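The primary structure of each chain is shown beneath.
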Amino acid sequence: SLVVKPHDAGLVWLFFFLAGSAMRKRALQSLAFATILVSLAAIWIAPISPHWISELHNNLASVSARGGTSDPGLTGLTSRTTGEVVDLQAALSVIQNDPRFNGPASYLVAGTLILVWAIAALRKRFSPDSALVALAAISALSLLPVYHRTHDAKILMLAIPGCALLWSGNGARRWIAVALTTAAIVVTSDIPLQLLLIATRNLPASPSTLSEKIVSLLLLEPAPLVLLIAGVFYLWVYWGYDPVQRVQNGDKSTRSESFQNL
(Lines give C-alpha, C1' and ligand atoms only; values in the text may rest on other atoms or scores of the structure.)
Protein backbone atom coordinates (compact mmCIF):
# COMPACT_ATOMS: atom_id res chain seq x y z
CA SER A 1 0.00 0.00 0.00
CA LEU A 2 2.90 2.37 0.70
CA VAL A 3 4.13 1.70 -2.83
CA VAL A 4 0.88 1.74 -4.80
CA LYS A 5 -1.31 4.12 -2.75
CA PRO A 6 0.79 6.01 -0.24
CA HIS A 7 -2.04 8.49 0.31
CA ASP A 8 -4.01 5.59 1.82
CA ALA A 9 -1.39 3.99 4.07
CA GLY A 10 1.04 6.86 4.51
CA LEU A 11 -0.58 8.39 7.57
CA VAL A 12 -1.06 4.98 9.18
CA TRP A 13 2.67 4.42 8.68
CA LEU A 14 3.34 7.89 10.10
CA PHE A 15 1.60 6.99 13.36
CA PHE A 16 3.93 4.08 14.04
CA PHE A 17 6.91 6.25 13.11
CA LEU A 18 5.81 8.96 15.54
CA ALA A 19 5.05 6.39 18.25
CA GLY A 20 8.80 5.83 18.67
CA SER A 21 10.65 2.91 20.19
CA ALA A 22 10.01 -0.49 18.63
CA MET A 23 7.15 0.89 16.57
CA ARG A 24 9.47 3.36 14.83
CA LYS A 25 11.92 0.56 14.08
CA ARG A 26 9.19 -1.48 12.37
CA ALA A 27 7.99 1.60 10.48
CA LEU A 28 11.47 2.26 9.14
CA GLN A 29 11.86 -1.40 8.18
CA SER A 30 8.61 -1.32 6.21
CA LEU A 31 9.64 1.95 4.55
CA ALA A 32 12.98 0.44 3.54
CA PHE A 33 11.21 -2.55 1.99
CA ALA A 34 8.76 -0.26 0.16
CA THR A 35 11.68 1.85 -1.12
CA ILE A 36 13.33 -1.27 -2.54
CA LEU A 37 10.10 -2.20 -4.36
CA VAL A 38 9.73 1.32 -5.77
CA SER A 39 13.35 1.38 -6.93
CA LEU A 40 13.06 -1.97 -8.69
CA ALA A 41 9.82 -0.90 -10.38
CA ALA A 42 11.37 2.39 -11.55
CA ILE A 43 14.43 0.60 -12.94
CA TRP A 44 12.19 -1.87 -14.75
CA ILE A 45 9.88 0.77 -16.25
CA ALA A 46 12.48 3.43 -17.16
CA PRO A 47 13.84 1.73 -20.33
CA ILE A 48 10.33 0.98 -21.60
CA SER A 49 8.82 4.38 -20.83
CA PRO A 50 11.56 6.90 -20.03
CA HIS A 51 9.04 9.75 -19.69
CA TRP A 52 6.62 7.89 -17.43
CA ILE A 53 6.76 10.50 -14.65
CA SER A 54 5.66 13.39 -16.91
CA GLU A 55 3.11 11.12 -18.61
CA LEU A 56 1.65 10.17 -15.23
CA HIS A 57 1.48 13.85 -14.29
CA ASN A 58 -0.35 14.69 -17.53
CA ASN A 59 -2.74 11.81 -17.01
CA LEU A 60 -3.61 12.94 -13.50
CA ALA A 61 -4.09 16.52 -14.69
CA SER A 62 -6.41 15.32 -17.46
CA VAL A 63 -8.68 13.16 -15.30
CA SER A 64 -8.83 15.84 -12.59
CA ALA A 65 -10.00 18.59 -14.96
CA ARG A 66 -13.52 19.98 -14.75
CA GLY A 67 -15.94 17.21 -15.76
CA GLY A 68 -13.21 14.55 -15.67
CA THR A 69 -13.40 11.16 -14.02
CA SER A 70 -11.60 12.46 -10.92
CA ASP A 71 -13.33 15.83 -10.72
CA PRO A 72 -14.61 15.95 -7.10
CA GLY A 73 -17.47 18.28 -7.97
CA LEU A 74 -21.05 17.37 -8.83
CA THR A 75 -20.18 17.89 -12.50
CA GLY A 76 -17.54 15.18 -12.39
CA LEU A 77 -17.99 12.19 -14.69
CA THR A 78 -18.12 9.74 -11.77
CA SER A 79 -20.15 11.95 -9.46
CA ARG A 80 -23.38 10.33 -8.23
CA THR A 81 -21.93 6.85 -8.71
CA THR A 82 -20.95 4.25 -6.12
CA GLY A 83 -17.29 5.02 -6.80
CA GLU A 84 -17.53 8.77 -6.34
CA VAL A 85 -14.88 10.94 -4.72
CA VAL A 86 -15.34 11.27 -0.94
CA ASP A 87 -12.62 13.75 0.05
CA LEU A 88 -13.42 17.15 1.54
CA GLN A 89 -13.05 18.82 -1.86
CA ALA A 90 -16.21 17.03 -2.97
CA ALA A 91 -18.23 18.74 -0.24
CA LEU A 92 -16.58 22.13 -0.69
CA SER A 93 -17.19 22.03 -4.44
CA VAL A 94 -20.92 22.20 -3.72
CA ILE A 95 -20.32 25.59 -2.11
CA GLN A 96 -17.98 26.79 -4.86
CA ASN A 97 -16.98 24.48 -7.69
CA ASP A 98 -13.55 25.98 -8.20
CA PRO A 99 -10.31 24.00 -7.59
CA ARG A 100 -8.62 27.23 -6.53
CA PHE A 101 -11.07 27.32 -3.60
CA ASN A 102 -11.93 23.75 -2.65
CA GLY A 103 -8.35 22.48 -2.99
CA PRO A 104 -6.60 24.92 -0.60
CA ALA A 105 -9.60 24.93 1.76
CA SER A 106 -9.50 21.13 1.95
CA TYR A 107 -5.77 21.13 2.64
CA LEU A 108 -6.17 23.79 5.33
CA VAL A 109 -9.01 22.11 7.24
CA ALA A 110 -7.86 18.50 6.97
CA GLY A 111 -4.18 19.43 7.23
CA THR A 112 -4.75 21.30 10.50
CA LEU A 113 -6.60 18.33 12.01
CA ILE A 114 -3.88 15.91 10.90
CA LEU A 115 -1.22 18.20 12.36
CA VAL A 116 -3.04 18.17 15.72
CA TRP A 117 -3.24 14.37 15.49
CA ALA A 118 0.52 14.15 14.77
CA ILE A 119 1.30 16.36 17.78
CA ALA A 120 -0.82 14.08 19.97
CA ALA A 121 0.99 11.01 18.63
CA LEU A 122 4.36 12.63 19.43
CA ARG A 123 3.53 13.71 22.95
CA LYS A 124 1.79 10.53 24.10
CA ARG A 125 3.42 7.40 25.42
CA PHE A 126 2.56 4.51 23.13
CA SER A 127 0.09 1.90 24.33
CA PRO A 128 -2.00 -0.64 22.38
CA ASP A 129 -5.25 0.99 23.48
CA SER A 130 -4.22 4.53 22.59
CA ALA A 131 -3.03 3.19 19.22
CA LEU A 132 -6.55 1.92 18.49
CA VAL A 133 -8.03 5.38 19.10
CA ALA A 134 -5.26 7.07 17.08
CA LEU A 135 -5.83 4.77 14.10
CA ALA A 136 -9.60 5.30 14.33
CA ALA A 137 -9.01 9.05 14.06
CA ILE A 138 -6.58 8.89 11.16
CA SER A 139 -8.65 6.34 9.23
CA ALA A 140 -11.29 9.04 8.77
CA LEU A 141 -9.03 12.09 8.57
CA SER A 142 -6.72 10.52 5.96
CA LEU A 143 -9.61 10.37 3.47
CA LEU A 144 -10.28 14.11 3.57
CA PRO A 145 -7.37 16.22 2.23
CA VAL A 146 -6.70 14.60 -1.17
CA TYR A 147 -8.25 12.34 -3.80
CA HIS A 148 -10.06 9.32 -2.35
CA ARG A 149 -12.98 7.27 -3.60
CA THR A 150 -15.48 5.09 -1.77
CA HIS A 151 -13.38 1.96 -2.22
CA ASP A 152 -10.49 3.73 -0.44
CA ALA A 153 -12.82 4.12 2.55
CA LYS A 154 -12.31 0.43 3.39
CA ILE A 155 -9.56 1.86 5.60
CA LEU A 156 -12.39 2.71 8.01
CA MET A 157 -12.12 -0.89 9.18
CA LEU A 158 -9.29 0.50 11.34
CA ALA A 159 -11.92 2.50 13.24
CA ILE A 160 -13.84 -0.58 14.39
CA PRO A 161 -11.37 -1.68 17.13
CA GLY A 162 -11.22 1.87 18.47
CA CYS A 163 -15.00 2.04 18.42
CA ALA A 164 -15.19 -1.25 20.33
CA LEU A 165 -12.74 0.10 22.90
CA LEU A 166 -14.87 3.19 23.51
CA TRP A 167 -18.00 1.03 23.63
CA SER A 168 -16.47 -0.86 26.55
CA GLY A 169 -16.41 2.39 28.54
CA ASN A 170 -19.23 4.42 30.01
CA GLY A 171 -21.11 7.57 29.16
CA ALA A 172 -22.45 9.11 25.97
CA ARG A 173 -19.16 8.74 24.10
CA ARG A 174 -19.71 5.04 23.59
CA TRP A 175 -22.95 5.74 21.74
CA ILE A 176 -21.40 8.59 19.75
CA ALA A 177 -18.54 6.31 18.69
CA VAL A 178 -20.92 3.62 17.46
CA ALA A 179 -23.18 6.10 15.69
CA LEU A 180 -20.39 7.94 13.88
CA THR A 181 -18.42 4.81 12.95
CA THR A 182 -21.56 3.16 11.60
CA ALA A 183 -22.56 6.29 9.70
CA ALA A 184 -19.08 6.64 8.15
CA ILE A 185 -19.12 3.04 6.95
CA VAL A 186 -22.71 3.24 5.67
CA VAL A 187 -22.31 6.46 3.62
CA THR A 188 -19.21 5.04 1.90
CA SER A 189 -20.71 1.60 1.19
CA ASP A 190 -21.95 0.70 -2.29
CA ILE A 191 -25.55 -0.41 -1.64
CA PRO A 192 -26.60 2.38 0.78
CA LEU A 193 -24.89 4.95 -1.43
CA GLN A 194 -26.62 3.66 -4.54
CA LEU A 195 -30.01 3.82 -2.83
CA LEU A 196 -29.31 7.41 -1.78
CA LEU A 197 -28.24 8.34 -5.31
CA ILE A 198 -31.46 6.87 -6.72
CA ALA A 199 -33.53 8.81 -4.21
CA THR A 200 -31.77 12.10 -5.06
CA ARG A 201 -31.46 11.70 -8.83
CA ASN A 202 -33.72 14.73 -9.47
CA LEU A 203 -31.58 17.16 -7.50
CA PRO A 204 -29.75 19.74 -9.65
CA ALA A 205 -26.14 19.00 -10.60
CA SER A 206 -25.25 22.68 -10.27
CA PRO A 207 -27.08 24.14 -7.26
CA SER A 208 -27.28 27.92 -7.35
CA THR A 209 -29.31 29.10 -4.36
CA LEU A 210 -28.24 28.70 -0.74
CA SER A 211 -31.05 26.25 0.02
CA GLU A 212 -30.14 24.11 -3.00
CA LYS A 213 -26.50 24.04 -1.91
CA ILE A 214 -27.39 22.98 1.62
CA VAL A 215 -29.66 20.20 0.38
CA SER A 216 -27.06 19.03 -2.15
CA LEU A 217 -24.36 19.10 0.51
CA LEU A 218 -26.37 16.96 2.92
CA LEU A 219 -27.87 14.54 0.41
CA LEU A 220 -25.37 14.33 -2.46
CA GLU A 221 -22.12 14.65 -0.50
CA PRO A 222 -22.81 13.18 2.96
CA ALA A 223 -19.61 11.11 3.08
CA PRO A 224 -17.08 13.96 3.51
CA LEU A 225 -19.22 15.58 6.21
CA VAL A 226 -19.65 12.35 8.18
CA LEU A 227 -15.95 11.51 7.82
CA LEU A 228 -15.02 14.99 9.06
CA ILE A 229 -17.28 14.71 12.12
CA ALA A 230 -16.07 11.17 12.90
CA GLY A 231 -12.43 12.21 12.50
CA VAL A 232 -12.84 15.22 14.78
CA PHE A 233 -14.59 13.09 17.41
CA TYR A 234 -11.88 10.41 17.52
CA LEU A 235 -9.18 13.10 17.46
CA TRP A 236 -10.80 14.77 20.47
CA VAL A 237 -10.93 11.46 22.33
CA TYR A 238 -7.34 10.64 21.38
CA TRP A 239 -6.04 14.02 22.52
CA GLY A 240 -7.38 13.44 26.04
CA TYR A 241 -6.93 9.68 26.16
CA ASP A 242 -4.93 8.42 29.17
CA PRO A 243 -4.35 4.65 29.51
CA VAL A 244 -3.38 3.70 33.05
CA GLN A 245 -1.20 0.69 33.84
CA ARG A 246 -1.83 -1.26 36.99
CA VAL A 247 -0.04 -4.17 38.60
CA GLN A 248 -2.13 -6.98 40.04
CA ASN A 249 -0.84 -10.18 41.60
CA GLY A 250 2.68 -9.44 40.45
CA ASP A 251 1.68 -9.39 36.77
CA LYS A 252 1.38 -6.26 34.66
CA SER A 253 -2.09 -5.72 33.30
CA THR A 254 -3.39 -2.75 31.42
CA ARG A 255 -6.76 -1.20 32.09
CA SER A 256 -7.72 1.67 29.84
CA GLU A 257 -9.46 4.50 31.63
CA SER A 258 -10.57 6.14 28.44
CA PHE A 259 -12.27 9.20 29.84
CA GLN A 260 -10.13 10.09 32.84
CA ASN A 261 -9.05 13.45 31.41
CA LEU A 262 -12.20 14.24 29.41
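Residues numbered from 1 in each chain as written. Predicted model: local features only at pLDDT ≥ 70, side-chain atom pairs only at ≥ 80, totals over all residues. Heavy atoms only, no water.

## Some remarks on the side chain of Ser130
Convention followed: Numbering of helices and strands starts at the N terminus; helices are DSSP runs of H or I of at least 4 residues and strands are runs of E of at least 2. Burial status follows relative accessibility: with a 1.4 Å probe on protein chains alone, a residue under 20% of its type maximum counts as buried, one over 50% as exposed, and anything between as partly exposed. N or O atoms within 3.5 Å of each other form a polar contact, as long as, within protein, one can give a hydrogen and the other can take it, and as long as residues adjacent in sequence are counted only when both atoms are side-chain atoms.
Assignment of secondary structure puts Ser130 in helix 6 (residues 128–141). Its relative accessible area of 3% is what places Ser130 among the buried residues. At a separation of 2.9 Å, a polar atom in the side chain of Ser130 contacts the side chain of Ser127.

## Description of the nonpolar core
The criterion, for reference: The set of buried Ala, Val, Leu, Ile, Met, Phe, Trp, Tyr and Cys residues whose side-chain atoms join them within 4.5 Å is what this entry labels a nonpolar core. By definition, residues are in contact when any of their heavy atoms lie within 4.5 Å.
Formed by 47 residues in total, the largest nonpolar core has its most connected members in Phe15, Trp117, Ile138, Leu227, Tyr234 and Tyr238. Those elements giving two or more residues to this core turn out to be helix 1 (6–19), helix 4 (88–95), helix 5 (99–123), helix 6, helix 7 (159–167), helix 8 (172–187) and helix 11 (222–239). Those residues in contact with Leu227 that lie beyond four places of it in its chain are Val86, Ala140, Leu143, Leu144, Leu156 and Ala184.

## Some points on the confidence of the model for the protein
Stated formally: Confidence scores per residue from the predictor, reported as pLDDT, run from 0 to 100.
For the protein, mean pLDDT is 86; residues scoring 70 or higher make up 92% of the total. Within the protein, no element has a lower average pLDDT than strand 2 (residues 251–257), which sits at 40, and none a higher one than helix 7, at 96. Confidence drops under pLDDT 50 across residues 245–262; counting only partners more than four residues distant or on other chains, this segment forms 32 contacts.

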